[in-house]
Amino acid sequence: MRIYFVKRLLLMVPTLLGISLVSFLIIHLTPGDPALLKLGDSEQRSGNQLLAAQIIDETRALYGLDQPLYVQYLRWLKRILTFDFGESLRDHRPIIDKLKERIPVSVKLSGISLLFAYLISIPLGVHSATHPYSIGDRVTTIVLFGLYSLPNFWIATMAIVYLGGGDFWNVFPVYGLASPNAGSWPWWQRLEDELWHLILPVTCLTYYTFAVLSRYMRVGMIEIIRQDFIRTARAKGLGERTIVYRHALRNSLIPIVTLMADLLPALLGGSIVVETLFSIPGMGSLSYEAVNTRDYPLLMAIFTLSALLTLLGILLADFLYTLVDPRIGYEKSATA
Amino acid sequence: MKRAQRPEGYWHIVLRQFRRNRVAIAGLVVVLLLFIIAAFADFIASDKPLVMKYRNQVYFPVLKDYAAWLGVARWETQFQNVSFKDFVASNFDKRDWAQFPPIRYSPNEVSLTSVLRPPSAQHLLGTDDVGRDIASRVVHGSRVSLSVGFVAVSIYVLIGLFIGALAGYYGGIVDMIASRMIEIMLTIPTFFLIITVVAFLPPSILNIMIVIGITNWPTVARLTRGEFLKTKSLEYVVAAKALGASDVRTIFRHILPNTIAPVFVAATFGVASAILIESTLSFLGFGVPPSKASWGSILSNARQLLPSGWWLTLFPGLAIFLTVTSYNIVGEGLRDAADPRLKES
């Protein structure tokens, strides 16, 4: 077990180098040429030409854009490894401090969202698979298919219009994660307040993940149920419940767990929209602000860290993988 | 010598299977309809008449507009820079007539006398904060969504096929490098990557297409690589090589046609997600320039007017939903047709 994870960790090194290289290449898209400015996006957004020129100078100095390429890359690599991303162009606070405030919020949000998605989709998928083509299965399939194609920014906007105290109902708070004066409340009230604030954003963040997971769960389960060892279990005279939950479920969980590697990046991406619309101070809304103010160093830091976080998530999925499927472990060459 | 009758080709089987699937056919019809709407947007929603008769002469102002844009014709001096609606109202007499398109507004036609009107007979889907007709904007917005979906996916399918084919066919070091690249790209949250790149570029449709194109190729590459690995040791490929076929010929003539079905399926789903990405970007204000009508930018406009103006939110959102669902239905149908094993489940 330990050997496997050491191997896996070592394999992360080339991936990490790759991520640093990709981000390094993006930095080189920085408008370093003043002529480019005239074409004009930065100066429109930041208000005046002087400020834009200042941004360029600072960015140049920060990344040492006047040095030879390999020197620049090594410097960038060193910065990533030491989490030194410089200062925000906007308020000159160290970027790492800003991120320290924001990351826990996003991790909490995506964590809750993932948890809910798995908790609901597994039983739902199992039910659909064990009752294929029943009315329940058909309805679920159609609803899930619809959820799959709904843009989350639209759902979030509609939720704010209809449930957030506009012309229609006022059911849920749509601003931040706590009421303004919640600080002085006892802990149970604060908890209730936070849960109330979380309902809409978590729903908007979760439904897509949930739809994907349920569909995979159903297909996976149906495939497993048709296999020989399930027939054997039936022939042995085991109860349906034992067959489904002890034999079939465990095996169909494997693809679902690996899916996490694909879902995490999507979830982090979705947080940009959801956090911005609900004014939640996480990484997503921070990156929205960073793009709007053309805060390049901040943007690069967020980008690099979100990739790192995803990498950690994948590692976690790998770990869970070995828990669900005891066959996978030491010997398996970790090239997947 | 008489040629032996060819066995039914793989694509024929797929098409036959697809045709049996009524839902998928319905999805395809909707997609085609959307393309027709996008192509003929100017004939559906425009402030110029389709046909008009003025002083015993027949004019086709919408067509003329195209000709003028192409530079092959010039506007008659009397119609230059003229609002046809005002022109009809003030200059027409009994014998003259004009036939306008079903929606008599251009997407960028500002009218400060009818601002933020809810849906009515005059403005079917209402108007926005500067009096632009939402119906017209939704019709014209289809152009952005459909073209971004199509072009972006074409870009990344080409890149993905190329890299995946090389990796799967040659194996060894080529495969190792390509696989690492795929893994790295898959690790990076795509939407963060897109947002980051977009921040460095001026907003334009072309940039959005390119950015979506160069950030989404890994899924296609992974698929293609897998298919090539499966296929390259099959008898017919070995036979082709034994007959002296070059690598290029083996890859493009023999392996690719038999591996492209899953890629095609992935591409159809890809179009759906590219449309979602474009509309999300435009919604956040990082996509198409604000003046350009796109479903995302109408919604972005609606967001600033929250919580009032439900029609600004509802209709473009429905348009996105309809388009994305149709593509997904077609993709689903194609997948079932290409892989009958899945269909039974």
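Residues numbered from 1 in each chain as written. Chains lettered and ligands numbered in written order. Predicted model: local features only at pLDDT ≥ 70, side-chain atom pairs only at ≥ 80, totals over all residues. Heavy atoms only, no water.

A.B. asks: Explain the interface of chain B and chain A here, please?
C.D. replies: Interface extent is often summarised as the accessible area lost during association of the parts. Of the residues lining the interface, 50 residues belong to chain B; the matching set on chain A comes to 59 residues. Interface area for chain B against chain A, summed over the two sides, is near 4,800 Å², with a carbon-plus-sulfur share of 73%. Our count for the contact surface shared by chain B and chain A stands at 1 salt bridge. Between glutamate 332 of chain B and arginine 215 of chain A there is a salt bridge, with the nearest N and O atoms lying 2.9 Å from each other. (Contact = heavy atoms within 4.5 Å. Buried area = accessible area lost by both parts, 1.4 Å probe. Salt bridge = Lys/Arg side-chain N within 4 Å of Asp/Glu carboxyl O.)

A.B. asks: Would you mind showing me how to read the pairing of strand E1 (residues 51-54) of chain B here?
C.D. replies: Side-chain positions along a regular strand alternate between the two faces of the sheet. All names here are of chain B. The two faces of E1 differ: Met52 and Tyr54 on one face are buried, but Val51 and Lys53 on the other face are not. As paired elements, E1 and strand E3 (residues 97-99) share 3 bridges and run antiparallel to each other. Bridging across to E3, valine 51 finds its partner in glutamine 99. Here E1 folds back onto strand E2 (residues 57-59) in antiparallel fashion, the turn holding 2 residues, of which arginine 55 has a positive phi close to 50°. (Buried < 20%, exposed > 50% of the residue type's maximum accessible area, 1.4 Å probe, protein only. Helix = DSSP H or I, 4+ residues; strand = E, 2+ residues; numbered from the N terminus. Pairing = 2+ DSSP bridges.)

A.B. asks: In this structure, what is going on with the nonpolar core? I would like to understand it.
C.D. replies: Proteins that are soluble and globular tend to have nonpolar side chains buried together. Ranked by internal contacts, the top residues of the largest apolar core, which has 163 residues, are Leu99 and Phe278 of chain A together with Leu281 and Leu284 of chain B. Counting residues per element, this core draws most heavily on helix H12 (residues 247-284) of chain B, at 17 residues. Those residues in contact with leucine 99 of chain A, other than ones at most four positions away along the chain, are Pro104, Met283, Leu286, Ala301, Ile302 and Leu305 of chain A. (Core = buried A, V, L, I, M, F, W, Y, C linked by side-chain atoms within 4.5 Å.)

A.B. asks: Explain the environment of leucine 150 of chain A to me, please; I cannot follow it from the model alone.
C.D. replies: For leucine 150 of chain A, the position within the fold is in the loop between helix H7 (135-148) and helix H8 (152-163). We classify leucine 150 of chain A as buried; its relative accessible area is 16%. For the pair leucine 150 of chain A and leucine 264 of chain A, spaced 114 residues apart in sequence, the C-alpha to C-alpha distance is 19 Å. Not counting residues up to four positions away in its chain, the partners in contact with leucine 150 of chain A are Ile155 and Tyr207 of chain A together with Phe321 of chain B.

A.B. asks: Even after reading the chapter, I still don't get unusual backbone geometry, so can you show me in this structure?
C.D. replies: Not every positive phi belongs to a glycine, and tyrosine 133 of chain A is a case in point at roughly 65°. Relative to the elements of secondary structure, tyrosine 133 of chain A occurs in the loop between helix H6 (95-130) and H7. Non-glycine residue arginine 55 of chain B carries a positive phi angle of around 50°. One can find arginine 55 of chain B in the loop between E1 and E2. Judged by relative accessible area, arginine 55 of chain B falls into the partly exposed class, the value being 48%.

A.B. asks: Can you help me understand the pattern of salt bridges in this one?
C.D. replies: Side chains that differ in sign of charge can pair as their charged atoms come close. Taken as a whole and judged by the stated rule, the model has 19 salt bridges over all chains. One salt bridge in this structure joins aspartate 128 of chain B and arginine 132 of chain B, with 3.0 Å as the shortest N-O distance. By relative accessible area, which is 13% here, arginine 132 of chain B ends up buried. Each member of the salt-bridge network shares a partner with another, and the members are Arg215 of chain A together with Glu332 and Arg335 of chain B.

A.B. asks: In this structure, what is going on with a nonpolar patch on the surface? I would like to understand it.
C.D. replies: Among the surface-exposed residues, Phe168, Trp169, Val171, Trp196 and Ile199 of chain A lie close enough to one another that they form a single nonpolar patch of about 490 Å² accessible area. If you trace the backbone, phenylalanine 168 of chain A turns up in the loop between H8 and helix H9 (187-225). (Patch = residues over 30% accessible without salt bridge, like charges linked within 9 Å, V, L, I, M, F, W, Y side chains within 5 Å. Areas by Shrake-Rupley, 256 points an atom, 1.4 Å probe, with all protein chains shown as cover.)

A.B. asks: Quick question: what am I supposed to make of the packing of helix H8 (residues 190-200) of chain B against helix H9 (residues 205-215) of chain B here?
C.D. replies: Axis angle and axis distance: for two packed helices, these are the angle between their axes and the distance between the axes, and together they describe the pair. All names here are of chain B. The geometry of H8 relative to H9 is characterised by a closest axis approach of 10 Å and an angle of 140° between their N-to-C directions. On the basis of the axis angle, H8 is oblique to H9. The interaxial crossing formed by H8 with H9 has right-handed handedness. Every residue of H9 that contacts H8 at Thr190, Leu193, Ile194, Val197 and Val198 is listed here: Ile208, Val211, Ile212 and Thr215. Residue composition of the contact of H8 with H9, grouped by class: 7 nonpolar, 2 polar and no charged. (Axes fitted to C-alpha atoms, helices over the stretch in contact; angles between N-to-C directions. Parallel < 35°, antiparallel > 145°, perpendicular 65-115°, else oblique. Left-handed = near helix turned anticlockwise from the far one by under 90°. Nonpolar A, V, L, I, M, F, W, Y, C, P; charged D, E, K, R; others polar.)

A.B. asks: What is the right way to read the confidence of the model for chain A from this model?
C.D. replies: Residues and elements named next belong to chain A. With 85% of its residues at a pLDDT of 70 or more, chain A has an overall mean of 80. At the level of individual helices and strands, chain A shows its lowest average pLDDT in helix H2 (residues 34-39), which scores 39, and its highest in H6, which scores 90. Note on residues 32-46: pLDDT under 50 across the span, and 25 contacts to partners over four residues away in sequence or across chains. In the model, residues 332-336 has pLDDT below 50 throughout and makes 9 contacts with residues more than four positions away in sequence or in other chains. (pLDDT = per-residue confidence, 0-100.)

A.B. asks: Can you help me understand the sheet that holds E2 of chain B in this one?
C.D. replies: Two pairing modes exist for strands in a sheet, parallel and antiparallel, and in both the strands are linked by backbone hydrogen bonds. Residue and element names in this part refer to chain B. With antiparallel pairing, the 3 strands of this open sheet are ordered in space as E2-E1-E3. Of all strands in the sheet, those with a lone pairing partner are E2 and E3, marking the two edges. The sheet shows a mean angle of 15° between the axes of neighbouring strands, direction not considered.

A.B. asks: Sorry if this is basic, but what is going on with the packing of aromatic side chains here?
C.D. replies: Aromatic ring pairs are reported here in terms of the distance separating the ring centres and the angle at which the planes meet. Counted by the stated rule, this structure contains 15 aromatic pairs over all chains. Ring geometry for tryptophan 187 of chain A and tryptophan 188 of chain A: centres 6.1 Å apart, planes at 85°, overall edge-to-face. As far as burial versus exposure is concerned, tryptophan 187 of chain A and tryptophan 188 of chain A are alike and both exposed. Pairwise contacts between aromatic rings join Phe40, Phe43 and Tyr66 of chain B into one cluster. The aromatic ring of tyrosine 148 of chain A is capped on one face by arginine 215 of chain A, whose charged end is 4.7 Å from the ring centroid. One cation-aromatic arrangement involves arginine 104 of chain B over phenylalanine 100 of chain B; the distance from NZ or CZ to the ring centre is 4.3 Å. (Phe/Tyr/Trp six-rings, centres within 6.5 Å; stacked < 30°, edge-to-face > 60°. Lys NZ or Arg CZ within 6 Å of the ring centre and 35° of its normal.)

A.B. asks: What should I look at first to understand the environment of aspartate 193 of chain A in this one?
C.D. replies: Residue and element names in this part refer to chain A. Note on placement: aspartate 193 falls in helix H9. Classification of aspartate 193 as buried rests on a relative accessible area of 9%. Note: C-alpha distance between aspartate 193 and aspartate 228 (35 residues apart in sequence) is 51 Å. Beyond its immediate sequence surroundings of up to four residues, aspartate 193 is in contact with Ala178, Ser179, Ala182 and Trp185.

A.B. asks: Looking at this structure, I do not really get helix H13 (residues 296-324) of chain A. What am I missing?
C.D. replies: Given 3.6 residues to a turn, an α-helix orients residues that are three or four positions apart in the same direction. Here H13 of chain A spans 42 Å end to end across 29 residues, near enough to the 42 Å set by a 1.5 Å rise per residue. The buried fraction of H13 of chain A is high, at 22 of 29 residues. (Expected span 1.5 Å × (residues − 1).)

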